[in-house]
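Descriptive analysis of the structure
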Amino acid sequence: MEAILHNLGLGLEVALTPNNIMWVFIGGLLGTIIGMLPGLGPATGVAVLIPITYGMNPATALITMSAVYYGAMFGGSRASIMINTPGDASAIVSCFDGYPMAKKGKAGSALAISAIASFVGGMIGMVCLVFFTEPVAAMALKFGPAEKFSLMLFALTATITLSEGSILKGFIAMGIGFMLATIGIDGQSGAIRFTMGIDDLQDGIDFLVVMIGLYAVTEVFKNFSAMDVKYDIDAKSIGRVWVSWPDFKKSIGPMLRGSPLGFLIGVLPGAGGTIATFLSYAVEKSVTKKPAEFGKGAIQGLAGPEAANNACSCGALVPLLTLGIPGSGTAAVMLGALMMLGVRPGPILFEQHPEIAWGVIASMLVGNIMLLMINLPLAVPLVRLLKIPQRIMLPLILGMGYMGTYFLNYASFDFILVSLAALAGYMLVKLSIPIPPMVLALILGGMTEQSFRNSLTIANGSLSIFWEQPISLAFLVLAAISLVYALNKQKKLMKMPSTPEEEAD
Amino acid sequence: MTKNSTTGWFAVVLGAFYLFGTTLVPIFDAGDQTGPRAFPYLVSAVVILSGLGLLVKDWRSAKRVPFSWGFSTDRAIWLKILATMVAGIVYGLVLDSLGYLIATFLFMVAVSELINVGRHAQNLVIAVAFSLVTFISFALILKLSLPRGLLGGILPF
């Protein structure tokens, strides 16, 4: 406990510098704005805002990106409540009761409780993060190549099985990610692989370029079909953005249940805010005495998932900071940006750069308070931003995406890569191939292969090393369990009557 | 073809190409004993088997909904995507020679005209504002190196 308080103190020293407080504010505000725009989520937010972290020290960069991340989580539900259009998938559940509340003239209450629940979720998530990170990092320090390989296999399997859609398509996505990761000079043997004679590919593919393509430019392509949508928002009808005492009392239980649930879901690789919010909604619906009110404007149906969503973003930082494995698409983009700044998150980060790891954790305390202050009094002006048409927002996102690509390596070849990645992303979406397993495999590809080969070298070519080490075996068992669980789930879904679109997947 | 069969064939062909590419990877005596081909072989096996699995699943499926890329029905969208890609690639090619301000202005005009069709004045304002704000933010405030190109001798800062 004493060590934790000491580390937190160190983190607060970093987080409370004027420069970092300013970036927490800027990141949180920009994240809130991007998160609330329909179709754009936290991953897009972090991807297009990567350029603002160039030139920063790694601690400030990670603090800024985290602020964008949980800022987007705060903002995600604004559009759900006001226009019944979620900012991203994790804000879908907020439509269920948030929009009916707004329809009943309680938009102010809905916006207020969504901000308060996000704050509670963020704070509880942060406290859990404080207690989780150190032991996990300490354990991870003992991992050898076999454990690392099995852990990454589990992370990838979990991402595949928890992603939406077919498991086979998830494996294809993972394979594509690995294929991209193996392009370039092999670090262990020096062999040049899959470059097709293109010199620019010898150093491999910069995965940040691919991620900007997938999360920024592809998102713009996806929105090309909905550019002329106009949202009818009457800001005057929102009323006072505050929540009454009876409504607040009803929300306490859901917030306290949703937060730890969201955090735990966030820790699992690949299980993002979408699963956390749906689970929290299901829990609230099952514990209430009036389930019939859900879907018609029950404040509990908004408070629980909102808290779960923000706690989930804290949970996603556990595998990122302690194991170097991103727990969500957004965390993957953050990992890429950090590696560009020369920092590799993982257990060593806590030993070599405790100021970065604990600075980020402590900054969440500041960030959550700031975001509550932004999202309560500024709720009405923020909601007015939803009136800005997509046809003006999309060129700006494209501009940020391409500009960010240039800053990575100052190479014109990257513009070709980012364009191709965006096109590939759009086509994969059309084929219902999930993007997260591909991104994770691309990031972890080099490390996975290295661990695999090192393990085999240690074991003189015998694969038994993967099941002879107890921790490695445990990860393999977990990977198998997640596969069996997903197969069972798919079997059940297949027995249910399906729509033609679902059948097509 | 259904969505599953399209994906299945795509995976099989991609996996086969990758497998062929793996056989061309040179093997050196130095380095680890597993070599640079083992992992790619595994990857191609996973992709090909998953593709075949999808094809079998599709073949056994009772309801088969035809899949279309929408090249004719969503022609305007595909053309916009293609034009955006071309604009992005050209932007990268001329950035150093024209300089950040001019190249970014031209890129923003191009993509805004593609997306915000017909609103020329609005697009010009967006393009000018974006190039100036980002240049000031990144080159002057964050001190990042940006090419000045044709305006190199004219810019007062």
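Rules and cut-offs
- Residues numbered from 1 in each chain as written.
- Chains lettered and ligands numbered in written order.
- Predicted model: local features only at pLDDT ≥ 70, side-chain atom pairs only at ≥ 80, totals over all residues.
- Helix = DSSP H or I, 4+ residues; strand = E, 2+ residues; numbered from the N terminus.
- Rg over C-alpha atoms; globule rule 2.2 N^0.38 Å.
- Buried ≥ 20, exposed ≤ 12 C-beta atoms within 10 Å, placed from the backbone.
- Contact = placed C-beta atoms within 7 Å.
- Core = buried A, V, L, I, M, F, W, Y, C linked by C-beta atoms within 7 Å.
- Domains from an automatic or database assignment.
- Axes fitted to C-alpha atoms, helices over the stretch in contact; angles between N-to-C directions.
- Parallel < 35°, antiparallel > 145°, perpendicular 65-115°, else oblique.
- Nonpolar A, V, L, I, M, F, W, Y, C, P; charged D, E, K, R; others polar.
- Expected span 1.5 Å × (residues − 1).
- Bend = angle between axes of the 7 residues up to and from the residue.
- pLDDT = per-residue confidence, 0-100.

Turning our eyes to something else, we now look at the overall build of chain B. If you tally the helices and strands in chain B, you get five helices and zero strands. The N-to-C order of helical and strand elements in chain B reads α-α-α-α-α. Relative to the globule expectation of 15 Å for 157 residues, the C-alpha radius of gyration of chain B, 24 Å, shows a markedly less compact shape. When its C-alpha atoms are laid out on the principal axes, chain B stretches across 65 × 55 × 25 Å. Across the 157 residues of chain B, 32% fall into the buried class. Long-range pairs, those at least 24 residues apart, make up 64% of the contacts in chain B between residues at least 6 apart in sequence.

Here the focus is the overall build of chain A. Summing up its helical and strand segments, chain A has 23 helices and two strands in all. For 505 residues, the compact-globule estimate of 2.2 N^0.38 gives 23 Å, and the C-alpha radius of gyration of chain A, at 22 Å, lies within 12% of that figure. On the principal axes, the C-alpha backbone points of chain A span a range of 70 × 55 × 55 Å. Here chain A, with 505 residues, has 62% of them falling under the buried criterion. In chain A, the proportion of contacts linking residues at least 24 apart, taken out of those at least 6 apart, comes to 80%.

So, about the nonpolar core. Ranked by internal contacts, the top residues of the largest apolar core, which has 205 residues, are Val46, Ala47, Val210 and Met211 of chain A. With 19 residues, the single largest contributor to this core is helix α6 (residues 107-140) of chain A. Looking at which domains feed residues into this core, each of domain 1 (3-60) and domain 2 (75-151) of chain B supplies at least three. Formed by five residues, the second largest nonpolar core is a distinct cluster that contains Ala91, Ile92, Val93 and Tyr281 of chain A.

Residue and element names in this part refer to chain A. As a packed pair, helix α1 (residues 2-15) and helix α16 (residues 354-375) sit with axes 7 Å apart at the nearest point and diverge in direction by 75°. Judged on the interaxial angle alone, α16 and α1 are roughly perpendicular. Residues Asn7, Leu8, Leu10, Gly11, Leu12, Val14 and Ala15 of α1 lie in contact with α16, whose contacting residues are Pro354, Glu355, Trp358, Gly359, Ile361, Ala362, Ser363 and Val366. Partitioning the contact of α1 with α16 into residue classes produces ten nonpolar, four polar and one charged.

So, about unusual backbone geometry. Although it is not a glycine, Ser432 of chain A sits at a positive phi angle of roughly 60°. Relative to the helices and strands, Ser432 of chain A is located in the loop between α19 (413-430) and α20 (435-458).

Between chain B and chain A, the contact holds 55 residues from the first and 55 residues from the second. The set of elements that each furnish at least two residues to the side of chain B that touches chain A consists of α1 (3-23), α2 (38-60), α3 (75-98), α4 (100-115) and α5 (120-141) of chain B. Ranked by residues supplied to the side of chain B that touches chain A, first place goes to α3 of chain B with eleven residues. Taken together, the residues of the side of chain B that touches chain A break down into 32 nonpolar, 18 polar and five charged.

Further remarks concern the domain arrangement of chain B. Split into domains, chain B comes out as domain 1 (3-60) and domain 2 (75-151). Between the C-alpha centres of domain 1 of chain B and domain 2 of chain B the distance comes to 39 Å.

Under the 1.5 Å per step criterion, the end-to-end length of α16 of chain A is 31 Å for 22 residues, consistent within 8% with the ideal 32 Å. Roughly 25° is the biggest bend found in α16 of chain A, and it falls at Met364 of chain A.

On to the packing of α3 of chain B against α4 of chain B, then. Residue and element names in this part refer to chain B. Running from N to C, α3 and α4 cross one another at 170°; their axes reach a closest spacing of 8 Å. Looking at the two axes, α3 sits roughly antiparallel to α4. When α3 is examined against α4, the residues Lys80, Ala83, Thr84, Ala87, Tyr91, Val94, Leu95 and Leu98 are found in contact with a partner set consisting of Tyr100, Ile102, Ala103, Phe107, Ala110, Val111 and Leu114. In the contact of α3 with α4, the residues fall into 13 nonpolar, one polar and one charged.

This next bit is on the environment of Leu398 of chain A. Examined against the element boundaries, Leu398 of chain A turns out to sit in helix α18 (residues 390-409). Owing to 29 C-beta atoms within 10 Å, Leu398 of chain A belongs among the buried residues under this scheme. Residues Leu398 of chain A and Thr457 of chain A, spaced 59 residues apart in sequence, show a C-alpha to C-alpha distance of 46 Å. The contacts of Leu398 of chain A, once residues within four sequence positions are left out, are Val217 and Val220 of chain A together with Thr84 and Val111 of chain B.

For the rest of this paragraph, the subject is α20 of chain A. Residues and elements named next belong to chain A. The terminal C-alpha atoms of α20 lie 34 Å apart, and with 24 residues this matches the ideal 34 Å at 1.5 Å per residue to within 8%. The largest bend in α20 comes to about 55°, at Leu444. Most of α20 is tucked away: 18 of the 24 residues are buried. Two residues or fewer past α20, Asn460 is found with a positive phi of approximately 55°.

Overall, the prediction assigns chain A a mean pLDDT of 88, with 96% of residues at 70 or greater. Across residues 499-505 of chain A, confidence stays below pLDDT 50; counting only partners more than four residues off in sequence or on other chains, it has twelve contacts.

Moving on to the environment of Val243 of chain A. Residue and element names in this part refer to chain A. Examined against the element boundaries, Val243 turns out to sit in the loop between α9 (207-223) and α10 (245-267). Residue Val243 is classed as buried on the basis of its C-beta count, with 25 C-beta atoms lying within 10 Å. Considering only alpha carbons, one finds Val243 and Ala110, 133 residues apart in sequence, at a separation of 7.8 Å. Dropping the residues within four chain positions of it, Val243 is found in contact with Ser109, Ala112, Ile113, Ile116 and Phe248.

Let us look at the environment of Val46 of chain A. All names here are of chain A. As for its position among the elements, Val46 is in helix α3 (residues 42-49). Expressed as a C-alpha distance, the spacing of Val46 and Phe149, which sit 103 residues apart in the sequence, is 28 Å. Those residues within four positions of Val46 in sequence are excluded, and the remaining contacts are Met65, Val68, Tyr69, Thr330, Val333 and Met334.

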